[in-house]
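Coordinate analysis (summary)
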Amino acid sequence: MAGRRQNVAVDKLDLVRRLQEADDLLRSAIGGGRVGEAPPEDKDKPFDEHQFARLSILNKRRKPDKLKLNKGQKIILTAVRRMQNAGLPVRIILLKARQFGGSTFVVGMGYEKVIKSGQRWVIMAQDVDAAKNLWKKHQHFYNRETERTGRPEIIKREVREHQYSNGGEIWVGSADVKSVRSQTNQGALVTELPKWPGEKETVEEQLLGLLNTVTKEPDTYIFIESTAGGLGDSFHDRWVNATRELGQDGLPRFGEYMPVFVGWLDIEEYVLPFPAPETRTRFMENLEQQGYEGELLLVEQHQASPEQLLWRRSTIRSECGGSVSKFNQEYPTTPEEAFLGAGLPKFDQHACANMLRTAPRPVFVGEVNTNAPVDWVNLCRPGNEAE
């Protein structure tokens, strides 16, 4: 019986607990502070906000606008700076809430490196439609930019590919076409890895071919960004590995991937105003209604505002089919919540999350290897306790 209980303890709940224990290191890696805080100013900026300010985007109203970084994008920028200042190649795996501009940030950074430094970048989206949208971002940056002196000319135009007179090159492909360039690149963006077609082995083989085109030198960049898919897929495996490899300074111990999380509470526009103060007061007096579980926890542990909670209710109702679990997957508050909401979990994930937050530290943390016998009695003796 003790072995069976231990098997259960080191399954999904143990994995989630590890993610929770990595949270402090993650926040240190992206500049410290609680979720949603803008990163501190840094005088030594290898890459700064001003380089984005001259870029033009189409905002959500389809109107041209300057690219002014929001809080979520600043979190990514701070992680980039940390790795650059340490002399590391920039390798970031980004777990995120939907539609905050993460891919826009990376495409903008890639554009700067291609146009300014003559780098070669490759972008691989999950399907052709997503690839077209990312390509349009790059084209828009180029077509609207008028402030740069000596902007390089386009010397080659192909389908979702430009080569420039300074040697820079950008190519945007899609995983469903399964084409990867073999040339050496200095930057790569991988989007929505859980949505790539094919079995896990096929996805890993294609991903390996793409990532190995980027050299491991400083001033090279790989971004793998996605919402959560499910436990055990390629993106989840890479996220878990990245959280395990963080050192005490918040940087990857072996110069590999830095995990960066941007939740929905980090995104300023995810709010809805109340029509009157009394409506706001009544709302706060009636939290935790059926179908909107988790509101008290969001207020107590994450300082969520009434306006954020109202937006959450509206999104659960109108975009997530009334499912809190679906909302947690698409708009997570924490990394563990993102993966708990993914897939088809057997247990109530809201209840599991609550129990995990109040549970005592485990006596032992490990992994189950079904191909080898495990001496649970010896493993659980003093000296093998969880660190």
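Criteria and cut-off values
Residues numbered from 1 in each chain as written. Predicted model: local features only at pLDDT ≥ 70, side-chain atom pairs only at ≥ 80, totals over all residues. Heavy atoms only, no water. Salt bridge = Lys/Arg side-chain N within 4 Å of Asp/Glu carboxyl O. Helix = DSSP H or I, 4+ residues; strand = E, 2+ residues; numbered from the N terminus. Buried < 20%, exposed > 50% of the residue type's maximum accessible area, 1.4 Å probe, protein only. Pairing = 2+ DSSP bridges. Axes fitted to C-alpha atoms, helices over the stretch in contact; angles between N-to-C directions. Arc of directions from axis to C-beta.

A word on the pattern of salt bridges. Counting across every chain of the model gives 11 salt bridges. Note that Glu-295 and Arg-313 form a salt bridge whose closest N and O atoms lie 2.6 Å from each other. Of the two residues, Glu-295 is situated in helix α11 (residues 295-302) and Arg-313 in helix α12 (residues 306-318); the sequence distance between them amounts to 18 residues. The class for Arg-313 is buried, based on a relative accessible area of 9%.

Strand order across the open sheet formed by eight strands is β5-β6-β7-β4-β8-β9-β3-β10, with mixed pairing between neighbours. One side of each edge strand has no neighbouring strand; the edge strands of this open sheet are β5 (154-158) and β10 (258-262). Sheet twist, expressed as the mean angle between neighbouring strand axes with direction ignored, is 15°. Bridging between strand β3 (residues 90-96) and strand β9 (residues 221-226) involves six bridges; their strand directions are parallel. Note that in β9 the partner of Leu-95 across the bridge is Ser-226.

This paragraph deals with α11. Looking only at α11, the buried set comprises Glu-295, Leu-297, Leu-298 and His-302. The buried residues of α11 occupy an angular sector of 160° when the element is viewed end-on, so they sit on one face. A positive phi of about 55° marks Gln-303, the residue just after α11.

For the rest of this paragraph, the subject is the pairing of β3. Across the seven residues of β3, seven count as buried, placing the element largely inside the fold. Burial along β3 is two-sided: the residues Val-90, Ile-92, Leu-94 and Lys-96 and Arg-91, Ile-93 and Leu-95 are all buried. Examined bridge by bridge, β3 and β10 share five bridges and lie parallel to one another. Paired with Ile-92 across the bridge in β10 is Met-258.

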